[in-house]
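Below are the chains, spelled out letter by letter.
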Amino acid sequence: MDTQWACHELFCRRVGELTDGAFQLTPFGPGEIVPGLQVMDAIGQGSVECGFTPATFYYGKDPTLAFGTAVPFGLSSRQTWSWLYEGGGREIMRDVYRDQGVHAIPANNTGAQMGGWFRREVRTPEDMKGIKMRIAGLAGLVMGKLGVIAQQLAPGDIYPALERGVIDAAEYIGPYDDEKLGFNRIAKYYYYPGWWEWAPSADIMVNAKAWDTLPAQYKQVMETAGAECWHWSMARFDELAPPAMRRLLASGTQLRPYSREIMGAAYKASQELYGELGEQNPRFRKVWEHWNRHRVEQSQWFRVAEDSMANFVAVASVPR
């Protein structure tokens, strides 16, 4: 995947450039030294010094980790950045990561994702029942409340599972990456929006002990490179998605919105899940309350200033 790999590679290159070659990071591909869903484990244990992965893959260790990436019906990319860097998000998440033995640097964002590929249409919550779907993070738990059989697979395992019928549906990122992985050759219906990952963030994770021994300059360089890569990747995904979507539609892909009935059921299920996890995990409740205050305030502000403008321009710019 040239989008995610390019971000990983850019981070390593920028660290070297910003230190005049004094601090070098060597990028390895998925599975070369660590399996796709074990990156954070290897970093926390010190098997490797750092790696590139979304925290939501490890929600089974602590569901609070999901806030480091994205949670259902969450934040846009701008709202995510403001929470992380101005709203106290990184501060409240620091100990969550530290308990896993890592220091996390936000370094990637895909922007709004799509809602996945299905072999058949789904119009109502009843249609979701029994579907075997690859979906990551807390979204799998929400889908489970709708009767979906959720499976978390590493990106490289999605296509063969869908091709062999091990799963009936799959979500990954968006048009550009999904086209490259060939999902449109197996599943006809492409749904939107990806309500579980409006703007997921991925991290450069560094072994906590190794991070603590770094000179202050190198820490600052890694943080700076992370911020650059986060915004670069978001811009790249925004640029690549529209032409990729046109190609998919021209090839026969059927674009479908999730019905309001499905969206409503998923929203209700997600709020129930947050309540359940909060009762089980005090730290989850603390972070969720902090994050949710930010979400509500941002949603109200964006509704006035951003969404109204976006909705007008979207209608006004349609060719007549």
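These notes cover the structure that comes with them.

What counts and what doesn't
- Residues numbered from 1 in each chain as written.
- Predicted model: local features only at pLDDT ≥ 70, side-chain atom pairs only at ≥ 80, totals over all residues.
- Heavy atoms only, no water.
- Helix = DSSP H or I, 4+ residues; strand = E, 2+ residues; numbered from the N terminus.
- Rg over C-alpha atoms; globule rule 2.2 N^0.38 Å.
- Buried < 20%, exposed > 50% of the residue type's maximum accessible area, 1.4 Å probe, protein only.
- Axes fitted to C-alpha atoms, helices over the stretch in contact; angles between N-to-C directions.
- Parallel < 35°, antiparallel > 145°, perpendicular 65-115°, else oblique.
- Left-handed = near helix turned anticlockwise from the far one by under 90°.
- Contact = heavy atoms within 4.5 Å.
- Pairing = 2+ DSSP bridges.
- Expected span 1.5 Å × (residues − 1).
- Bend = angle between axes of the 7 residues up to and from the residue.
- Polar contact = N/O pair within 3.5 Å; in protein donor to acceptor, adjacent residues only side chain to side chain.
- Nonpolar A, V, L, I, M, F, W, Y, C, P; charged D, E, K, R; others polar.

## A word on the overall build of the protein
- Across its full length, the protein holds 12 helices and 9 strands.
- By the compact-globule yardstick of 20 Å for 320 residues, the protein fits well, its C-alpha radius of gyration being 19 Å.
- Principal-axis analysis of the C-alpha atoms places the extent of the protein at approximately 55 × 45 × 40 Å.
- Looking at the protein as a whole, 51% of its 320 residues qualify as buried.

## What about the packing of helix H3 (residues 77-85) against helix H12 (residues 282-316)?
- Look at H3 against H12: their axes get within 10 Å of each other, and the N-to-C directions meet at 135°. Comparing their axes, H12 and H3 come out oblique. Judged by the twist between their axes, the crossing of H3 over H12 is right-handed. Contacts between H3 and H12 pair Arg78, Gln79, Ser82 and Trp83 from the former with Val287, His290, Trp291, His294, Gln298, Ser299, Phe302 and Glu306 from the latter.

## What to know about the sheet that holds strand S2 (residues 102-109)
- Pairing is antiparallel across the open sheet formed by 3 strands, whose spatial order is S1-S8-S2. Edge strands, defined here as strands with exactly one partner in the open sheet, are strand S1 (50-53) and S2. On average, each strand axis in the sheet is tilted by 25° relative to the strand beside it, whichever way the strands run.
- As judged from the 4 bridges shared by S1 and strand S8 (residues 201-207), these two strands associate in the antiparallel manner. Across the sheet, the residue bridging to Gly51 is Met205, located in S8.
- Strand contacts of helix H10 (residues 216-250): S2 and S8, with the helix running at about 30° to S2, the strand carrying the most contacts.

## Describing the sheet that holds strand S6 (residues 169-170)
- Read across the sheet, 6 strands follow the order S5-S4-S6-S3-S7-S9 without closing on themselves; strand pairing throughout is mixed. Edge positions in the open sheet fall to strand S5 (149-151) and strand S9 (254-257), since each of these has one partner strand only.
- Pairing of strand S4 (residues 132-134) with S5 involves 3 bridges; the strand directions are parallel. Across the sheet, the residue bridging to Lys132 is Ile149, located in S5.

## So, H10
- The terminal C-alpha atoms of H10, which comprises 35 residues, lie 52 Å apart, in line with the 51 Å expected from a rise of 1.5 Å per residue.
- A maximum bend of about 30° is found in H10 at Ala241, where proline Pro242 lies one to four positions downstream.
- Of the residues flanking the end of H10, it is Gly252, one or two places downstream, whose phi is positive at about 110°.

## Quick word on the side chain of Asn281
- Relative to the helices and strands, Asn281 is located in the loop between helix H11 (260-280) and H12.
- Here the side chain of Asn281 touches Arg283 through a polar contact of 3.0 Å, landing on its backbone nitrogen.
- Apart from residues lying up to four places away in sequence, Asn281 is in contact with Asp62, Pro63 and Thr64.

## Structural notes on the packing of H11 against H12
- Put simply, H11 and H12 touch, their axes get as near as 6 Å, and they point 140° apart. Judged by the inter-axis angle, H11 sits oblique to H12. At the point where H11 passes H12, the crossing takes the left-handed sense. From H11, Tyr267, Gln271, Tyr274, Leu277, Gly278, Glu279 and Gln280 reach across to H12, where they touch Pro282, Phe284, Arg285, Trp288 and Arg295.
- Residues of the contact of H11 with H12, tallied by class, amount to 6 nonpolar, 3 polar and 3 charged.

## Some words on helix H1 (residues 2-18)
- For H1, spanning 17 residues, the distance from its first C-alpha to its last is 23 Å, which sits close to the expected 24 Å at 1.5 Å a residue.
- Buried within H1 we find Thr3, Gln4, Ala6, Cys7, His8, Leu10, Phe11, Cys12, Val15 and Gly16.
- Where the residues of H1 are buried, they touch S1, S2, helix H8 (175-181), S8 and H10.
- A positive phi of about 55° marks Asp20, the residue just after H1.

Geometry only, nothing functional implied.
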